[in-house]
Amino acid sequence: MQKRVISLSVTLLVILWAVVAMVPNIFAASVSESHAATPSTNNPYSPAYQHSYRHGVLPTIAQLGKIKSYQQTHTVHALSANTLSYGGGIDGIGVTSGKEKVYVVFWGTQWGSQSTDGNGNLTFSNDSPGVAPRLQNLFKGVGTGSELWSGTMTQYCDGSGVSTGATSCSSSTAHVVYPTGGAFVAAWYDNSAAEPSAASGNQLANEAIKAAGHFGNTTAASNRYSQYVVVSPTGLDPDNYKSGGFCAWHDYNGDSSLSGGAASSPYGDIAFTNLPYLPDAGTSCGQNFVNSGSAGTLDGVTIVGGHEYAETITDQNPAGGWTNTSSGEENADECAWISPGSAGGAGNVSMGNGSYPMQATWSNDTSACALSHAIITGGSPTPTPGTTPTPVHTPTPTPTPGHTPTPTPTPGGGTTTQLLSNPGFESGVGTPWVEQSSGGYEIVDNSNPHTGSYEAWLCGYNQCADSIAQSVTLSSTTTKVVLSYWVYISTQETSSTCYDHFYVRLLTSTGSTISTVQSKCNSNVGWTQYSFDVSSLLSSYHGKVIQVYFGATTDSSLITNFYVDDVALNDTH
C-alpha cells in the first residue's frame with residue numbers, strides 16, 4: 001500500500017463475532033480469506049475518506065464491517081477483482097526494474113548508543129527486541145538461499161513498451177529484477193538530532209533525501225532503483241500511526257498529498273518507507289502472527305517490512321506502478337493479514353541467512369496470493385542507473401601497491417597519497433593495524449600472502465569474530481578517495497548459502513559505521529583485487545580521522561578462511 005499500508009487489523013476473535021452479529025451476511029467468507037477489496041475514498045467509513053494520501057488503506061476488522069454495510073445500501077464502487085494494472089509511471093518510474101538497493105535509516109538520537117553485531121548489523125541500546133538487526137538481516141536475505149517469495153514480484157514491469165492499464169507483461173519489457181545476493185546495501189544511524197515525536201510525511205521524506213546524500217546517491221540515476229526505509233525508535237508516533245489505524249506506508253518525495261506537502265529533492269525522485277517501531281503496536285501489527293512465544297516477537301517486523309519492500313518495487317512512485325484501480329490496493333495489500341495455514345496465508349520463508357515470517361503478495365498470472373512464485377525475467381531496464389560505490393573486479397594481478405605513504409603527482413593536477421602505513425602487513429604484527437580475534441589468534445600471518453611475506457588472515461576456525469583496522473586522517477582538501485585491496489577466500493562449506501561472512505567497512509574515529517563497502521561470504525575465490533571510489537561516502541570526513549576495517553565471522557561448523565593483502569587508500573588532493 002502506498003502511504004498507510006498495513007492497518008491495525010489483528011483483532012480479538014470476540015470483536016469479530018460482535019461485528020458479524022451487528023452486520024448480518026457481511027462476512028460471507030472467513031476473516032482469514034483475503035480478498036475483500038478496500039473501498040474507495042467515497043465511502044465515509046473508509047480511513048481514506050477525506051485523506052487521499054492514505055492510498056489503499058487497510059481498515060480494522062470492525063471498521064471494515066461498517067464499510068461493507070454502507071456499500072450494501074449505497075452506489076459505491078462494487079467489490080472488484082484483485083487484478084493489478086499498470087499506472088503508466090510517474091517521472092518515467094513504474095517498478096524497480098534494476099537491481100534493488102535498500103538503505104535502512106535509523107532516525108533520531110532516541111535509538112541510543114550504536115554497536116555492531118557479529119553479522120555486521122547496526123545494533124542500538126534502546127532496541128532490546130532487536131528490530132534493527134532483524135530488518136538488516138531480512139534485506140540481506142531476500143534473493144538468497146533460492147527463496148521464491150521474491151519471484152512473485154518479478155512478473156511486473158514498466159517502460160515505454162508497457163501500456164497504461166496493462167495487466168500482464170511481455171518478455172521484452174523490463175521486469176522487476178530478482179534481488180540475487182540480497183537487496184541490502186547499507187544502514188545509517190542519523191543521530192544528528194532527535195526524531196520529532198510525530199513526524200509528518202514531509203519530514204519523513206526529507207529524512208530519506210538526507211539519507212540519499214549521506215550514502216552518496218546524489219543523482220537521479222543512482223536513486224532510480226533505490227529505496228530508503230526510515231525506521232523510527234520506540235515511543236514515537238510517525239504520521240500519527242497509533243491513532244491512524246496503520247502499521248507502515250511507502251511513498252516518494254514528490255507526492256503533493258504528503259502531510260506537510262511534497263519534499264524537494266536535488267537527487268531525483270526518492271522512494272521511502274515510513275516504518276514505525278512495530279513492537280510498540282504489539283499484535284495489532286503482527287506480533288506472533290505466524291510464530292508463537294518469543295519466536296514470534298518480531299513477526300510483524302519482517303511481515304510489515306517485507307510488505308512495504310514488495311510494494312515499493314512494484315509501485316515505486318505511487319501510483320505509477322501496479323495497483324488495483326478500483327480499490328487503490330497494491331500487491332501486498334490484497335494479501336495482508338491472511339492467517340497462516342489459509343490459502344494465500346502468511347508463513348515462514350527460508351532465505352540464505354535464516355527463516356523469516358512473511359505475507360504473500362498478489363500474483364496476476366495465477367490470480368492468487370502467492371508466498372512463492374517462479375522467477376520471471378524480461379528485457380533490459382532503461383535507463384541503467386549509476387551505482388556508488390562501483391566495484392572494479394580485476395582477476396589478474398597488478399603491480400604491488402607501494403608500502404609507504406609517499407605522495408605522487410596525479411595526471412590532470414593534484415597529488416595522490418597512500419594514507420595507509422604497512423599496507424601489505426610486511427612489518428608483521430603491531431601498529432598501526434589494530435587486531436581483534438575472538439579466538440585469541442594473531443591476524444597478521446605468513447601462511448598465504450598475495451605478495452611479500454605477510455597477509456591478514458581472518459577466521460579459519462569455528463564461531464570466529466575477527467577484525468583488523470587502521471586509522472588514517474583524510475586531507476582537508478580531498479577531491480577523490482579510492483580504496484583497493486586483494487582478497488582470497490577458501491572454505492569447507494559446500495552450499496551456496498551464506499554461513500560465514502566477510503566485511504569491508506569505513507568507520508568513524510569512534511568505530512561507528514560510515515558505510516559497508518563490500519560484503520562476501522563462503523565461496524572459494526583466488527586472490528582477487530577490488531577497487532572502490534569512496535569519495536562520496538567520505539565527503540563529510542575531509543580533514544577527519546576515519547578507519548579502514550576488515551572483519552569476518554563464521555558459524556559453528558565447516559570453517560572459512562578470509563585473507564587480505566596489499567591494501568591501499570589513495571587520497572587525491
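Not measured: the values here are computed from a predicted model.

## Here we look at the overall build of the chain
- Each helix and strand counted, the chain has seven helices and 28 strands in total.
- Long-range contacts, defined as pairs at least 24 residues apart, comprise 75% of the intrachain contacts of the chain with a sequence gap of at least 6.

## Looking at the sheet that holds strand β8 (residues 226–231)
- Read from one edge to the other, the open sheet built from five strands follows the order β7-β2-β8-β10-β9, with strand pairing classed as mixed. This sheet does not close on itself; its edge strands, each paired only once, are β7 (184–190) and β9 (249–252). Averaged over all pairs of adjacent strands, the angle between their axes in this sheet comes to 20°, without regard to strand direction.

## As for empty space enclosed by the protein
- Following the criterion strictly, the structure yields three cavities of 30 Å³ or more and no others.
- What the second largest cavity holds in volume is close to 40 Å³.

## Things to note about the packing of aromatic side chains
- Enumeration according to the criterion identifies 25 aromatic pairs in this entry.
- With a centroid separation of 5.0 Å and an interplanar angle of 65°, the aromatic rings of phenylalanine 289 and tryptophan 337 are classed as edge-to-face. Of this pair, phenylalanine 289 sits in the loop between β10 (271–275) and α7 (299–314) while tryptophan 337 sits in the loop between β11 (322–323) and β12 (347–351), placing them 48 residues apart in sequence.
- For tryptophan 337, a relative accessible area of 10% gives the class buried.

## Some remarks on helix α3 (residues 131–141)
- In terms of burial, α3 is a largely internal element, ten of the eleven residues being buried.
- Regarding α3, the residues found buried are Val131, Ala132, Pro133, Leu135, Gln136, Asn137, Leu138, Phe139, Lys140 and Gly141.
- Count one or two residues on from α3 and you reach glycine 143, which has phi positive near 85°.

## Details of the confidence of the model for the chain
- Of all residues in the chain, 80% have pLDDT values of 70 or greater, and the mean over the chain is 83.
- The low-confidence segment residues 3–40 (pLDDT under 50) makes 111 contacts with residues lying over four places distant or belonging to another chain.
- Taken as a whole, residues 75–80 scores under 50 in pLDDT and shows ten contacts with residues more than four places along the chain or in a different chain.

## With respect to the state of the cysteines
- Inspection of the entire model under this criterion finds five disulfides.
- Disulfide partner of cysteine 157: cysteine 169, at an S-S distance of 2.0 Å. Across the disulfide from cysteine 157 to cysteine 169, rotation about the S-S bond amounts to roughly -90°, and the bridge is consequently left-handed. Residue cysteine 157 is found in strand β5 (residues 157–158), and its partner cysteine 169 is found in the loop between β5 and β6 (174–175); the two are separated by twelve residues along the sequence.
- Judged by relative accessible area, cysteine 157 falls into the buried class, the value being 0%.

## Details of the pattern of salt bridges
- A complete count under the given rule lists two salt bridges for this structure.
- Residue aspartate 158 pairs with arginine 224 through a salt bridge whose shortest N-O separation is 2.8 Å. Residue aspartate 158 is located in strand β5, and its partner arginine 224 is located in the loop between α5 (220–223) and β8; the two are separated by 66 residues in the primary sequence.
- Taking relative accessible area as the criterion, aspartate 158 reaches 5% and is therefore assigned buried.

## Observations concerning the side chain of asparagine 331
- Here asparagine 331 is to be found in the loop between β11 and β12.
- Within the local environment of asparagine 331, its side chain forms a polar contact with the side chain of threonine 314, the two groups lying 3.2 Å apart.
- If we skip the residues at most four places from it in the chain, asparagine 331 touches Leu84, Met153, Ala310, Glu311, Thr314, Thr361 and Trp362.

## Here's the deal with the pairing of strand β23 (residues 480–491)
- Across the twelve residues of β23, nine count as buried, placing the element largely inside the fold.
- Inspection of the sheet shows β23 paired to strand β28 (residues 560–572) by eleven bridges, in the antiparallel sense. Note that in β28 the partner of serine 490 across the bridge is asparagine 561.
- Alignment of β23 against strand β26 (residues 525–533), held across seven bridges, turns out to be antiparallel. Across the sheet, the residue bridging to serine 484 is serine 531, located in β26.

Basis of the calculations
Residues numbered from 1 in each chain as written. Predicted model: local features only at pLDDT ≥ 70, side-chain atom pairs only at ≥ 80, totals over all residues. Heavy atoms only, no water. Helix = DSSP H or I, 4+ residues; strand = E, 2+ residues; numbered from the N terminus. Contact = heavy atoms within 4.5 Å. Pairing = 2+ DSSP bridges. Axes fitted to C-alpha atoms, helices over the stretch in contact; angles between N-to-C directions. 1 Å grid on protein atoms, 1.4 Å probe; cavity = no way out; pocket = protein on both sides within 12 Å on 5 of 7 lines; lining within 4 Å. Points joined across faces, edges and corners; volume = space filled by probe spheres on them. Phe/Tyr/Trp six-rings, centres within 6.5 Å; stacked < 30°, edge-to-face > 60°. Buried < 20%, exposed > 50% of the residue type's maximum accessible area, 1.4 Å probe, protein only. pLDDT = per-residue confidence, 0-100. Disulfide = S-S within 2.5 Å. Salt bridge = Lys/Arg side-chain N within 4 Å of Asp/Glu carboxyl O. Polar contact = N/O pair within 3.5 Å; in protein donor to acceptor, adjacent residues only side chain to side chain.

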